[in-house]
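Architecture at a glance
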Amino acid sequence: MLKINNLQAEIEGKSILKGIDLEVKPGEVHAIMGPNGSGKSTLSSVIAGREEYEVTGGNIDFEGEDLLDLGADERAHKGIFLSFQYPVEIPGVTVTNFIKTAINETRKARGQETMPANVMLKMMREKMSLLEIDNAFLSRSLNEGFSGGEKKRNEIFQMAMLEPKLAILDETDSGLDIDALRIVANGVNKLKSKNNAVIVITHYQRLLEHIVPDYVHVLYKGKIVKSGTKDLALELEAKGYDWLKEGVEA
Amino acid sequence: MEALKDKLESSFLVLENELNGEAEGEIHGRRREAFKRFVDKGFPTKRDEEWKYTNLKPILKHDYRIFAKDDRTVDFSTIKPFFLNDVDTYKLVFIDGYYSSWLSETTHQGFDICTFSNMLSKYQDVAQQYFAKALPKEESMAAVNTAFAREGAFIRIKKGVTVDKPVEIIFITTDQKVETLAQPRNLVVVEENAEVSILERHQSLSAKPVLTNTATEIFALRDSRLNYYKIQNDAKNASLIDSTSVKQYRGSNVSLGTFSFGNKFIRNNLNFFLEEEHTESHMDGITVIDKDQTVDHHTLADHKVPHCYSDELYKGIYDENAHGVFNGKVMVHPHAQKTNAFQQNNNILLTDKASIDTKPQLEIFADDVQCSHGCTIGQLDEEAMFYLQSRGIPEKEAKALLLYAFANDGLRNVKIPALRKKLNRQIAKKLNVNLDFEL
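Residues numbered from 1 in each chain as written. Chains lettered and ligands numbered in written order. Predicted model: local features only at pLDDT ≥ 70, side-chain atom pairs only at ≥ 80, totals over all residues.

Attention now moves to the packing of helix α5 (residues 148-162) of chain A against helix α6 (residues 178-191) of chain A. All names here are of chain A. Their axes nearest at 10 Å, the elements α5 and α6 cross at an angle of 10°. Comparing their axes, α6 and α5 come out roughly parallel. Along its contact with α5, which presents Gly-149, Lys-152, Arg-153, Ile-156, Met-159 and Ala-160, the element α6 presents Ala-180, Ile-183, Val-184, Gly-187, Val-188 and Leu-191. Within the contact of α5 with α6, the residues separate by chemical class into eight nonpolar, two polar and two charged. (Axes fitted to C-alpha atoms, helices over the stretch in contact; angles between N-to-C directions. Helix = DSSP H or I, 4+ residues; strand = E, 2+ residues; numbered from the N terminus. Parallel < 35°, antiparallel > 145°, perpendicular 65-115°, else oblique. Contact = placed C-beta atoms within 7 Å. Nonpolar A, V, L, I, M, F, W, Y, C, P; charged D, E, K, R; others polar.)

Looking now at the domain arrangement of chain B. Residue and element names in this part refer to chain B. Here chain B is partitioned into domain 1 (2-396) and domain 2 (397-439). Of the residues lining the interface, 32 residues belong to domain 1; the matching set on domain 2 comes to 27 residues. When contributions to the side of domain 1 that touches domain 2 are tallied by element, the ones reaching two or more residues are β8 (195-204), β10 (225-232), β12 (253-260), β14 (280-289), β16 (309-318), α8 (382-389) and α9 (395-407). The biggest single contributor to the side of domain 1 that touches domain 2 is β14, with five residues. Residues belonging to the side of domain 1 that touches domain 2 are distributed by class as follows: 18 nonpolar, eight polar and six charged. (Domains from an automatic or database assignment.)

Attention now goes to the packing of helix α2 (residues 26-41) of chain B against helix α7 (residues 140-147) of chain B. A pair of packed helices is captured by two measures, namely the crossing angle of their axes and the spacing between those axes. Residue and element names in this part refer to chain B. In the contact formed by α2 and α7, the axes pass within 8 Å of each other and the chain directions differ by 140°. Regarding the angle of α2 to α7, the classification is oblique. Considering how the two elements wind past one another, α2 and α7 form a crossing that is left-handed. Contacts between α2 and α7 involve Arg-30, Arg-31, Ala-34, Phe-35, Arg-37, Phe-38 and Lys-41 from the former and Ser-140, Ala-143, Val-144, Thr-146 and Ala-147 from the latter. Among the residues forming the contact of α2 with α7, the class breakdown is six nonpolar, two polar and four charged. (Left-handed = near helix turned anticlockwise from the far one by under 90°.)

On to unusual backbone geometry. Residue and element names in this part refer to chain B. If you check the backbone angles, Ala-132 has positive phi at about 60° while not being a glycine. Mapped onto the elements, Ala-132 comes out in the loop between α6 (124-130) and α7. Unusually for a residue other than glycine, His-307 sits at a positive phi of about 60°.

On to the interface of chain A and chain B, then. Counting residues at the interface gives 26 residues for chain A, matched by 20 residues for chain B. Broken down by element, the residue count for the side of chain A that touches chain B peaks at eight residues, all from helix α3 (residues 95-109) of chain A.

Among the nine residues in helix α1 (residues 40-48) of chain A, eight count as buried, and that is most of the element. Turning to α1 of chain A, its buried residues are Lys-40, Thr-42, Leu-43, Ser-44, Ser-45, Val-46, Ile-47 and Ala-48 of chain A. (Buried ≥ 20, exposed ≤ 12 C-beta atoms within 10 Å, placed from the backbone.)

All names here are of chain A. Here we have four strands laid out as an open sheet, ordered β2-β1-β4-β5, and antiparallel in their pairing. Whereas interior strands pair on both sides, the edge strands pair on one side only; in this sheet they are β2 (14-24) and β5 (65-66). In this sheet, strand β4 (residues 54-62) lies alongside strand β1 (residues 2-11) in antiparallel orientation, the contact comprising seven bridges. Residue Ile-4 lies in a different strand from β4, and its bridge partner there is Ile-60. Along the sheet, α1 makes contact with β1, β2 and β4, crossing β2 at roughly 70°. (Pairing = 2+ DSSP bridges.)

Moving on to the sheet that holds strand β1 (residues 90-95) of chain B. All names here are of chain B. A sheet is described by the order of its strands in space; here 10 strands give the open sequence β2-β1-β5-β8-β10-β12-β14-β16-β18-β20, paired in mixed fashion. Across the chains shown, the open sheet's two edge strands, defined by having one partner strand only, are β2 (98-99) and β20 (370-378). As paired elements, strand β5 (residues 167-173) and β8 share seven bridges and run parallel to each other. Within β8, the position partnered with Thr-173 by the bridge is Ser-204. Sheet contacts for α9: β14, β16 and β18 (340-349); angle to β16, the most-contacted strand, approximately 160°.

Here the focus is the confidence of the model for chain A. Mean pLDDT over chain A: 93, with 98% of residues reaching 70 or higher. Mean pLDDT values over the elements of chain A span from 72, in helix α8 (residues 242-249) of chain A, up to 98, in strand β6 (residues 80-83) of chain A. (pLDDT = per-residue confidence, 0-100.)

Residue and element names in this part refer to chain B. Mapped onto the elements of the fold, Asp-290 is located in the loop between β14 and β15 (294-303). Residues Asp-290 and Phe-43, 247 residues apart in the sequence, show an inter-C-alpha distance of 27 Å. Excluding residues within four positions of it along the chain, Asp-290 makes contact with Asp-319, Glu-320 and Ala-322.

Residue and element names in this part refer to chain A. Over its 15 residues, α5 runs 21 Å from end to end, which matches the ideal 21 Å to within 8%, given 1.5 Å per residue. The buried fraction of α5 amounts to 11 of the 15 residues, a majority that puts the element mostly inside the structure. Looking at the buried side of α5, the elements it contacts are β6, α3, α4 (117-130), β9 (166-170) and α6. A positive backbone phi angle near 45° is found at Glu-163, which sits one or two residues after α5. (Expected span 1.5 Å × (residues − 1).)

Residue and element names in this part refer to chain B. Summarising burial for β8: nine of the 10 residues are buried, a large majority. Bridge count between β8 and β10: seven bridges; the pairing is parallel. Looking at the pairing, Leu-199 lines up with Tyr-229 of β10.

This part is about the environment of Gln-370 of chain B. Residue and element names in this part refer to chain B. Within the fold, Gln-370 resides in strand β20. Residue Gln-370 is classed as exposed on the basis of its C-beta count, with 10 C-beta atoms lying within 10 Å. Here the alpha-carbon distance between Gln-370 and Thr-339, two residues 31 residues apart in the chain, equals 6.1 Å.

What follows is the structure, given as structure tokens:
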């Protein structure tokens, strides 16, 4: 599904990703861990198509197509979804209006009819109950005045509505209390299938107790320095990152 | 400019001759006095403090016809798009300055929705009491309008009446051969505890330059409620100078919205005079313009007495070479304690060539007041753009959605759903997207 080969990227002349290789197959859950500044968020931004980053080498293949040729909106149309670490507040655009526009623009791009209002409403209700979201939520301005937990829940709600093939969850656990974490993780797990895949980017093992990864990768200084199974996450939790750093810097 | 001034001078003599006996009356005396002020002062120039950001010269160089002919008809189907349509309304339609009874829907049942000329001939006491009593004497363009004031809308809502449906006033210009100067004159009197909503627009069907120099006087008597909306979306060769003055009396609530999308040039002089205590005034504006369009808003909230509230919100989006002006004056006189006066002007410039001159002007001579103002000039938020695009919304639509979100609180006082819908559609059209903003 996703094949990243020797990906290098920089921002404002500063090299951040220094040759990433990663392959994700349908049905898999990958976790990317690593200390602050290792390039985790850069990787997710580059996959989603943020323009501030300049890709200086390598490529990203998604279902046989080079993603780097596509704009962020076109990548979304292909089925890529990024759950933002810091979702943007947009006063004046309601959650409903936003989701309706996103779904219908995506359908338009895929050559499909727009979704009838009643079908969309039914779907919204379903997904809202899955994520234990209140009805009043829909008419609020997008992320404006939302608590940290509400923002993250809103991201997963959008993911549930857009039904992506590949979801990247960037630090979705930050700012969540344990109940909210459980609800969000439960939502993600219910949306999982053998046809889609998830990349979980996180600092801590905590989220991975709920969303269990098939593979764990450690990113450090712009490179994946170690890959393993979910046991690697436990090892990191116990030992920290220093033992890996030494290996790289030596 | 001088040529047009000369032409106005000779035209004024023609007008006086046509009036016969009426020329000796007090009403015409007010016209004459206004005209003398115009002759002495001339057209505004960039040397005038109030006109320093906009140049009228290119607008006034045309050889405008002052008196249009009363020989044209227009099919309803031609002007249908300019009406609200989704809702039943009273209609006052003027073709080239002449009232069209065929296209209008008026009434005298319990209130007067009719013409200015009708008011002059039938209700002389009204003319005596209100004509040329609200517009500031120092405004030259308003003075020219007063001098030639003969036709337009007259709306008088009697004490205690709530009008059952909105009133639409539309001025159409049709002449394809000559350049036209149109000078409609409106008078609105909302009596004690009465209520009405009014829409006004000026529409040129001509390919020739049209200058509309319109003036409206509004009197909101005690405890009355008025919503007045101006849709300014005229042809690309049309210019508009609008002088509107509102006098408010105790307990009245007036909301005036100005929505500007079209025209070559627009100047709005909007004055609120708060004559008695406990009034509430709202001024809202949304401007979305591009190409070489100019929209210049000059507003005044004149707090003469204590305990009045005024709130002003103007939003502007300027693309290509468009030029915006916002000059918002709030005057709080020494006796006007406990005044609440708020003003906000927010702008987005979409290109390097678009520009905005914004000047909040607060003159506060009382000490126990709450006044605030703010103005911003910005660009689109890139982070928000990426957020929307990452959800599959293409760049053009994402931009439109953010711009709409930026502008839409300018619609906060639009109480007619059909008008809201029309304005939403208009904003989408102006932003070149096929999006339904409101859900």
